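If you want the building blocks of each chain, they are given just below.
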Amino acid sequence: MNEHRSAPDSVPPGKARASRPARPAWVKEALDWAKALVIALIIVFLLRAFVFQLSTVKSISMQPTLYEKEWLFINKISYEFGHPERGDVVILRDPSEGPDRKPLLVKRIIGMPGDTLEIRGGQLYINGELKVEPYTDSAIEDGDFGPVTVSEGHYFVMGDNRRFGASKDSRTFKEVPESLIIGKAEAILWPITRWARL
């Protein structure tokens with residue numbers, strides 16, 4: 001004898017199964033926006049951590065190239081596939097010690113590994129030759145320096161502001177290991193009137 005058993009979720013005759021009320025359209029749209037926002041924030045976080053960052057100029061050491069409160073676009077991935085080059089404007093961790101130590105500095109690469117640098121008579125000499133620096137607007141006013149030879153894997157950095165006491169750089173804290181260089185400053189983003197590639 002065959003017995004007929006109803007499925008556990010069967011509905012008695014004459015009664016309709018209760019259905020879950022549909023979400024209002026605005027709830028679905030809000031959830032979609034929230035998901036998109038979370039994904040966008042994750043992407044921005046990853047890009048900022050590994051690819052780029054914005055940095056604000058906080059000193060006069062790079063005038064006349066950069067001025068205080070300007071925003072810079074920093075390319076953090078460029079040196080993953082290459083090395084700094086002479087003339088690059090870079091962001092680096094401050095290698096100095098003491099109360100005036102800052103988290104980050106912006107400077108220009110002046111000396112490459114193996115270069116011999118000397119400052120005399122307010123002028124910069126690299127490997128015995130006078131270096132013409134179109135990004136500066138004055139002679140070097142801090143006195144003579146060197147000669148010094150840059151070690152392998154290190155760089156000699158200076159600020160573009162060569163007036164007396166205007167820049168704390170490799171003349172003070174010596175050459176900088178490449179590991180302290182975070183990225184290359186590619187452009188001035190703000191104010192818009194100063195937008196330019198570096």
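The model shown is predicted, which means the values in this text are computed figures rather than measured ones. (Residues numbered from 1 in each chain as written. Predicted model: local features only at pLDDT ≥ 70, side-chain atom pairs only at ≥ 80, totals over all residues. Heavy atoms only, no water.)

So, on to unusual backbone geometry. With omega at 5 degrees, the peptide bond leading from Gln63 into Pro64 counts as cis. Note on placement: Pro64 falls in the loop between strand S1 (52-56) and strand S2 (71-75). Unlike most non-glycine residues, Asn127 shows phi in positive territory, near 55 degrees. Within the secondary structure, Asn127 is located in the loop between strand S6 (123-126) and strand S7 (129-130). (Helix = DSSP H or I, 4+ residues; strand = E, 2+ residues; numbered from the N terminus.)

Let us now look at the sheet that holds S7. Ordered by their spatial adjacency, 4 strands build an open sheet running S7-S6-S5-S8, and the pairing between neighbours is antiparallel. The open sheet is flanked by S7 and strand S8 (145-149), the only strands paired with a single partner. For strand S5 (residues 116-120) and S6, the ladder comprises 4 bridges, and the chain directions are antiparallel. For Glu118, the partnering residue across the bridge sits in S6 and is Tyr125. (Pairing = 2+ DSSP bridges.)

This brings us to a nonpolar patch on the surface. Where nonpolar side chains cluster on the molecular surface, the patch consists of Leu54, Trp71, Trp190, Ile192 and Trp195 and spans about 590 Å² of accessible area. With respect to the secondary-structure elements, Trp71 resides in strand S2. Given a relative accessible area of 41%, Trp71 falls into the partly exposed group. (Patch = residues over 30% accessible without salt bridge, like charges linked within 9 Å, V, L, I, M, F, W, Y side chains within 5 Å. Areas by Shrake-Rupley, 256 points an atom, 1.4 Å probe, with all protein chains shown as cover. Salt bridge = Lys/Arg side-chain N within 4 Å of Asp/Glu carboxyl O. Buried < 20%, exposed > 50% of the residue type's maximum accessible area, 1.4 Å probe, protein only.)

In this section: the confidence of the model for the protein chain. On average, residues of the protein chain score 83 in pLDDT, and 79% of them reach the 70 mark or higher. For the protein chain, per-element mean pLDDT is lowest for helix H1 (residues 25-50), which scores 64, and highest for strand S9 (residues 154-158), which scores 98. (pLDDT = per-residue confidence, 0-100.)

Our next topic: the packing of aromatic side chains. The way to describe two aromatic rings as a pair is by their centre distance and the angle between their planes. Taken as a whole and assessed by the stated rule, the structure comprises 2 aromatic pairs. Centre to centre, the rings of Trp71 and Trp190 are 6.4 Å apart; their planes meet at 45 degrees, and the pair counts as tilted. Here Trp71, found in strand S2, pairs with Trp190, found in strand S11 (residues 181-190); they are 119 residues apart in sequence, far enough to count as distant. Centre to centre, the rings of Phe145 and Phe156 are 5.7 Å apart; their planes meet at 55 degrees, and the pair counts as tilted. (Phe/Tyr/Trp six-rings, centres within 6.5 Å; stacked < 30°, edge-to-face > 60°.)

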